[in-house]
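# Architecture and fold: a report
Spelled out from the first residue to the last, the chains are:
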Amino acid sequence: MTDIESRIDTTRPHTARIWNYWTGGKDNYPVDRAAGDEIRELHPGIGAYAKADRLFLGRAVRHLAEQEGIRQFLDIGTGLPSADNTHEVAQRVAPDARVVYVDNDPLVLAHAQALLVGTPEGRIDYLDADLRDVDDILAAAAKTLDFSQPVALMLLGVVIFIEDDEQSYAIVRRLMDALAPGSHLVLSHTVTHPDMPDVDEAVAFWNEHGTPKLTQRTPDAVARYFDGLELLEPGVVSCSAWRAPTPTPDVAMYAGVGRK
């Protein structure tokens, strides 16, 4: 057994693997599928959230590469490889785009090393690190990315794992402070909303049975991550509604893109 394999716990459901299950992936275990099905019973629309978040990623990355000229992406909390990963979307627009993925889940690491292969012109790297390890992430990412040039910081569904509000805001600020003017923050976050009470029940179930635990925040609290940045239209909204080509129902995953 390799060191990576020894770190994979198949006895408890894990959020990255459940997310993979909901989006139609195969990199999950029976315990993940059982928990995923139970959560879906509590909140039948939860699978749509995962798909909406993935579609938001594609629209945001495509916009940044096509319209903003971004050629560097720092994707923290990347999750298990799926269809249209950040580098695939970016390198379709700009084959020379550079992407650094960061995650600390051993199963994600095992698959990322095998699957995240990009264009000959571009570069891709993968870092085994926690979002809290800001200095380590920046130092290692600097081997692939040029921090004197704009970078898109991708934080999709990852600051939900930082329970303390002020710590989570401080981490995002420290990361953005290290990036050049013209850089962008792309962030999505599960929200608590009076119109969606079943989401709270599903999150409570998850926090009792799964790992790591999730923290919900209000839409206004999610918007705070963009303080000091120029929010791109339409602001912080349901990720299903962010520049969607056709109207779609809101989901309890809010997202935005902000320019430094």
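A quick note: this is a predicted structure, and the numbers were derived from the prediction, not measured. (Residues numbered from 1 in each chain as written. Predicted model: local features only at pLDDT ≥ 70, side-chain atom pairs only at ≥ 80, totals over all residues. Heavy atoms only, no water.)

## Topic: the nonpolar core
In this structure, Phe-73, Leu-74 and Leu-155 are the most contacted members of the largest nonpolar core, which totals 88 residues. With 10 residues, helix 4 (residues 46–67) is the single largest residue contributor to this core. (Core = buried A, V, L, I, M, F, W, Y, C linked by side-chain atoms within 4.5 Å. Buried < 20%, exposed > 50% of the residue type's maximum accessible area, 1.4 Å probe, protein only. Helix = DSSP H or I, 4+ residues; strand = E, 2+ residues; numbered from the N terminus.)

## Topic: the pattern of salt bridges
Across all of its chains, the model carries 10 salt bridges by this definition. In this structure, Asp-32 and Arg-17 form a salt bridge, with 2.6 Å as the shortest nitrogen-oxygen distance. Within this pair, whereas Asp-32 is found in helix 3 (residues 30–42), its partner Arg-17 is found in helix 2 (residues 15–22), the two being separated by 15 residues in sequence. The two residues Asp-32 and Arg-17 agree in class, both being buried. With its nearest N and O atoms 2.9 Å apart, the salt bridge here joins Arg-174 to Asp-135. Taken as a pair, Arg-174 in helix 8 (residues 165–177) and Asp-135 in helix 7 (residues 134–141) lie far apart in primary sequence, 39 residues in all. (Salt bridge = Lys/Arg side-chain N within 4 Å of Asp/Glu carboxyl O.)

## As for helix 8
Side chains of residues three or four places apart in an α-helix project in the same direction, reflecting 3.6 residues per turn. Between its first and last C-alpha, helix 8 extends 18 Å over 13 residues, near the 18 Å set by a 1.5 Å rise per residue. Restricting attention to buried positions, one finds in helix 8 the residues Ser-168, Tyr-169, Ile-171, Val-172, Leu-175 and Met-176. Relative to the axis of helix 8, the buried residues are bounded by an arc of 155° and lie together on one face. Close packing links the buried residues of helix 8 with strand 1 (72–76), helix 7, strand 4 (152–156), strand 5 (184–190) and helix 10 (219–223). By the N-cap criterion, in which a side-chain oxygen at the helix start approaches the backbone nitrogen of a residue two or three places on, helix 8 is capped by Asp-164, the distance to Glu-166 being 3.2 Å. (Expected span 1.5 Å × (residues − 1). Arc of directions from axis to C-beta. Contact = heavy atoms within 4.5 Å. Polar contact = N/O pair within 3.5 Å; in protein donor to acceptor, adjacent residues only side chain to side chain.)

## Structural notes on the packing of aromatic side chains
Under the definition given, this model contains two aromatic pairs. Their ring planes at 85° and their centres at 5.5 Å tell us that Phe-56 and Trp-242 sit as a pair that is edge-to-face. With Phe-56 in helix 4 and Trp-242 in the loop between strand 7 (237–238) and strand 8 (253–259), this pair connects stretches of sequence that are 186 residues apart. With respect to burial, Phe-56 and Trp-242 carry one shared label: buried. Pairing Tyr-169 with Tyr-225 gives two aromatic rings, centres 4.5 Å apart and planes at 50°, and the pair type is tilted. (Phe/Tyr/Trp six-rings, centres within 6.5 Å; stacked < 30°, edge-to-face > 60°.)

## Remarks on the pairing of strand 8
Most of strand 8 is tucked away, with six of its seven residues classed as buried. As judged from the two bridges shared by strand 6 (residues 230–231) and strand 8, these two strands associate in the antiparallel manner. Paired with Leu-231 across the strands is Gly-258, a residue of strand 8. Relative to strand 8, strand 7 is paired through two bridges, and the arrangement is antiparallel. Following the sheet pairing, Val-237 is matched in strand 8 by Ala-255. (Pairing = 2+ DSSP bridges.)

## Re helix 5 (residues 86–93)
Burial in helix 5 covers these residues: Thr-86, His-87, Val-89, Ala-90 and Gln-91. Along its buried surface, helix 5 packs onto helix 4, strand 1, strand 2 (98–103), strand 3 (123–128) and strand 4.

## Examining the environment of Ser-240
Mapped onto the elements, Ser-240 comes out in the loop between strand 7 and strand 8. Using a relative accessible area of 8% as the deciding quantity, one classes Ser-240 as buried. Between the C-alpha atom of Ser-240 and that of Gly-36, which follows or precedes it by 204 residues, the distance is 21 Å. With near-sequence residues (within four places) excluded, Ser-240 lies in contact with Ala-52, Arg-59, Thr-248, Pro-249, Asp-250 and Val-251. A polar contact of 2.7 Å, which involves the side chain of Ser-240, links it to the side chain of Ser-238.

## Section: unusual backbone geometry
The omega torsion across Glu-233 and Pro-234 is 10°, close enough to zero to call that bond cis. Positionally, Pro-234 belongs in the loop between strand 6 and strand 7.

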